[in-house]
Amino acid sequence: MPSITVLGAGAMGSALCTPLADAGWDVRLWGTWLDDHLIDACEAGKPHPRTNEPLADGVKLYRVDDLEEALDGADVVVMSVASVGVPKITEMALPGIVKADALWLTSKGFNPDEDGKIQLLPDAIRRIAKEQGCDELPPIVAIAGPVKANECAARKPTATIFGCKDLEVAKKYARLARTENYQIEATDDEVGVEICAPMKNVYAIALGISDGLEEGTGIPHHNLKAATFTQAVREMSKLGVHLGAQPQTAYGLPGVGDLEVTGLSGRNKVYGVRIGRGEKPDEALAEMDRLEQTVEGVPAAGLARKLVDQSASDIRENLPLLAAVVKILNGTEEPIKQVIAKAVLPREP
Ligand SMILES: NC(=O)c1ccc[n+]([C@@H]2O[C@H](COP(=O)([O-])OP(=O)(O)OC[C@H]3O[C@@H](n4cnc5c(N)ncnc54)[C@H](O)[C@@H]3O)[C@@H](O)[C@H]2O)c1
């Protein structure tokens, strides 16, 4: 039975344990210094506080100080912390990651290096490992697609995608982790998966704004929302292709699929709804923080904009929705409906 150590006992880390345990893995779940209350609840046999679902039977729990033990002999390590925590957790877990056959990654975001150069998370992890004197990491498998943690934990039918530069590695783990209700595609398009994963969080804020406009005025803005969705997918594809991704990835599970599910109910959408209803972006964010709701699309928007300036400046004009979200998050005085509409409605050819 292969063993797997999931780093991060939040919603996604705990939820992923369910299909893994069902697929026969020996599963360990390690919580950071922020997760003691989550581990407490699971140890007491209560549902996980973030998913409202019980932890799968047989999953072993480890607290922050037990990292070495949690990683001992792990065949696979999974990074499942919020993107902001990826550098620190990579450093802490490196001795175990290096010995594993693969590092899986559910975290979604971008990361700046010391010089401010924006990197996709797998590249950031490889750089951080190198800075620690480790030149070679096991293959990284980027996990994305339309996966709500609570539904995954409840064994609802779920489609996901494993992306690894080595397609055979992606396929191998897709075979080993799939269950009847958790089915996995494999791709070698690591870049495409890792562009879509954070960008759909940015664009889900824009989708939420349309819903918020409806909530605030009582008037549906479905046409605006649909045009926003379409433009978001185009931009994910355009940016991805510019950076080396395959065009179809944005039109599959990591792009369209994940944008759909995130735009229905994710934290980024909820944040967008607040803005659409009329809350100021910084006040809405403070309230989400108070509710322990990390809105990863906010840092991702600024970092994506920098990434475009650094590595894709010649397509900047083709990414008006990204610019619109950044403008809104920066607190523009212009009516937000107008900002979004200008970005997504067709202009003269
Ligand atoms: N919730 C989902 O449906 C879902 C689905 C797919 C992927 N993801 C991604 O998985 C990652 C984790 O999401 P989640 O839903 O479990 O979030 P969560 O808020 O429930 O848990 C966050 C996890 O990250 C850790 N963390 C937070 N800030 C940290 C910091 N500064 N330093 C170190 N660790 C820190 C927490 O301790 C916790 O383990 C995110 O990048 C998210 O985008 C989430």
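Up top you'll find the structure we're talking about.
Bear in mind that the values here come from a model prediction, so they are computed numbers and not experimental data.

Time to look at the site of the ligand. Taken together, 25 residues surround the ligand, and among them Met12, Thr32, Asp35, Ala82 and Glu296 come closest. Between the ligand and the protein, one listed contact pairs an oxygen atom with a backbone N or O atom of Ala9 at 3.3 Å. Grouping the constituent residues of the shell around the ligand by class yields eleven nonpolar, eight polar and six charged.

A few words now on the pairing of strand 4 (residues 76-79). The alternating pattern of strand 4 places Val76 and Val78 and Val77 and Met79 on opposite faces, both of which are buried. Examined bridge by bridge, strand 1 (residues 3-7) and strand 4 share four bridges and lie parallel to one another. Pairing of Ile4 across the sheet is with Val76, part of strand 4. Sheet topology note: the strand 4/strand 5 (residues 102-105) ladder contains four bridges and is parallel. From the neighbouring strand, Val76 faces strand 5, where its bridge partner is Ala102.

Taking 1.5 Å of rise per residue, the 13 residues of helix 10 (residues 253-265) would be expected to cover 18 Å, and the 17 Å separating its terminal C-alpha atoms lies within 8% of that figure. Here helix 10 has its buried residues at Leu253, Pro254, Gly255, Gly257, Asp258, Leu259, Val261, Thr262 and Gly263. Summarising the contacts, the buried residues of helix 10 are in contact with strand 8 (140-144), strand 9 (158-163), strand 10 (182-187), helix 8 (190-217), helix 9 (222-242) and helix 11 (267-277).

Core analysis: the biggest nonpolar cluster contains 49 residues, and Phe110, Met199, Leu321 and Leu322 have the highest contact counts within it. Within the residue set of this core, elements represented by two or more residues are strand 7 (118-120), helix 8, helix 9, helix 11, helix 12 (281-290), helix 13 (297-311), helix 14 (320-329) and helix 15 (336-344). The dominant element in this core, judged by the number of residues it contributes, is helix 8, at ten residues. Taken together, domain 1 (3-188) and domain 2 (191-344) each give at least three residues to this core, which thus spans both. Not counting chain neighbours up to four residues away, the residues in contact with Met199 comprise Phe110, Met236, Leu239, Ala304 and Leu322. Core analysis: the next-biggest nonpolar cluster, separate from the first, contains 35 residues, Ile4, Ala149, Tyr173 and Ile184 among them.

Here the focus is the sheet that holds strand 2 (residues 26-30). Strand order in the open sheet formed by eight strands is 3-2-1-4-5-8-9-10, with mixed pairing between adjacent strands. At either margin of the open sheet sits one strand with a lone partner, and together these are strand 3 (60-62) and strand 10. Averaged over neighbouring strand pairs, the angle between their axes works out to 25° when direction is ignored. Taken together, the five bridges between strand 1 and strand 2 define a ladder with parallel strand orientation. Paired with Leu7 across the strands is Trp30, a residue of strand 2. Each of strand 1, strand 2, strand 4, strand 5 and strand 10 touches helix 1 (residues 11-22); the most contacted strand, strand 2, lies at about 175° to it.

Turning our eyes to something else, we now look at the pattern of salt bridges. Per the counting criterion, the structure on display carries 21 salt bridges. Glu168 is paired through a salt bridge with Lys171; the nearest N and O atoms lie 3.9 Å apart. Here Glu168 pairs with Lys171, and both are found in helix 7 (residues 167-177), just three residues apart, close to one helical turn. With a shortest N-O distance of 2.6 Å, Lys269 and Asp211 are connected by a salt bridge. Here Lys269 is found in helix 11, whereas its partner Asp211 is found in helix 8, with 58 residues between them in sequence.

Tracing the backbone shows Arg274 in helix 11. With sequence-adjacent residues up to four places away left out, Arg274 is seen in contact with Glu279, Ala284, Glu287, Met288 and Leu291.

Once that is clear, we can look at unusual backbone geometry. Where the residue is not glycine, phi is negative for most of them; where a peptide bond is considered, it is trans in most cases. Even without glycine at this site, Asn52 takes up a positive phi of about 65°. With phi around 60°, Arg155 is a residue other than glycine that occupies positive phi space. Take Arg155: it is sitting in the loop between helix 6 (149-153) and strand 9. A residue is classified by how much of its surface remains accessible, and Arg155, at 40% relative accessible area, is partly exposed.

Across the interface, helix 13 lies against helix 14 with an axial gap of 10 Å and an inter-helix angle of 130°. By the criterion of interaxial angle, the relationship of helix 13 to helix 14 is oblique. Crossing geometry of helix 13 relative to helix 14 is assigned as left-handed. Here Val298, Ala301, Ala304, Arg305 and Val308 of helix 13 lie close against helix 14, whose contacting residues are Leu322, Ala323, Val325, Val326 and Leu329.

One pass over the structure, following the stated rule, counts four aromatic pairs. Seen from their ring centres, Trp25 and Trp104 are 5.6 Å apart, and the 70° between their planes marks the pair as edge-to-face. Of the two residues, Trp25 sits in the loop between helix 1 and strand 2 while Trp104 sits in strand 5, which places them 79 residues apart along the sequence. The class for Trp104 is buried, based on a relative accessible area of 0%.

On to the packing of helix 8 against helix 9, then. Direction vectors running N to C along helix 8 and helix 9 enclose 165°, while the axes themselves pass 9 Å from each other. By the angle between their directions, the pair helix 8 and helix 9 is classed as roughly antiparallel. In the crossing of helix 8 with helix 9, the sense of the turn from one axis to the other is right-handed. Only His222, Leu224, Lys225, Thr228, Phe229, Ala232, Glu235, Met236, Leu239 and Gly240 of helix 9 make contact with helix 8, whose side of the interface consists of Val191, Ile195, Cys196, Met199, Lys200, Tyr203, Ala206, Leu207, Ser210, Asp211, Leu213 and Glu214. By residue class, the composition of the contact of helix 8 with helix 9 is 13 nonpolar, four polar and five charged.

So, how was this worked out
- Residues numbered from 1 in each chain as written.
- Predicted model: local features only at pLDDT ≥ 70, side-chain atom pairs only at ≥ 80, totals over all residues.
- Heavy atoms only, no water.
- Near = heavy atom within 4 Å.
- Polar contact = N/O pair within 3.5 Å; in protein donor to acceptor, adjacent residues only side chain to side chain.
- Nonpolar A, V, L, I, M, F, W, Y, C, P; charged D, E, K, R; others polar.
- Buried < 20%, exposed > 50% of the residue type's maximum accessible area, 1.4 Å probe, protein only.
- Helix = DSSP H or I, 4+ residues; strand = E, 2+ residues; numbered from the N terminus.
- Pairing = 2+ DSSP bridges.
- Expected span 1.5 Å × (residues − 1).
- Contact = heavy atoms within 4.5 Å.
- Core = buried A, V, L, I, M, F, W, Y, C linked by side-chain atoms within 4.5 Å.
- Domains from an automatic or database assignment.
- Axes fitted to C-alpha atoms, helices over the stretch in contact; angles between N-to-C directions.
- Salt bridge = Lys/Arg side-chain N within 4 Å of Asp/Glu carboxyl O.
- Parallel < 35°, antiparallel > 145°, perpendicular 65-115°, else oblique.
- Left-handed = near helix turned anticlockwise from the far one by under 90°.
- Phe/Tyr/Trp six-rings, centres within 6.5 Å; stacked < 30°, edge-to-face > 60°.

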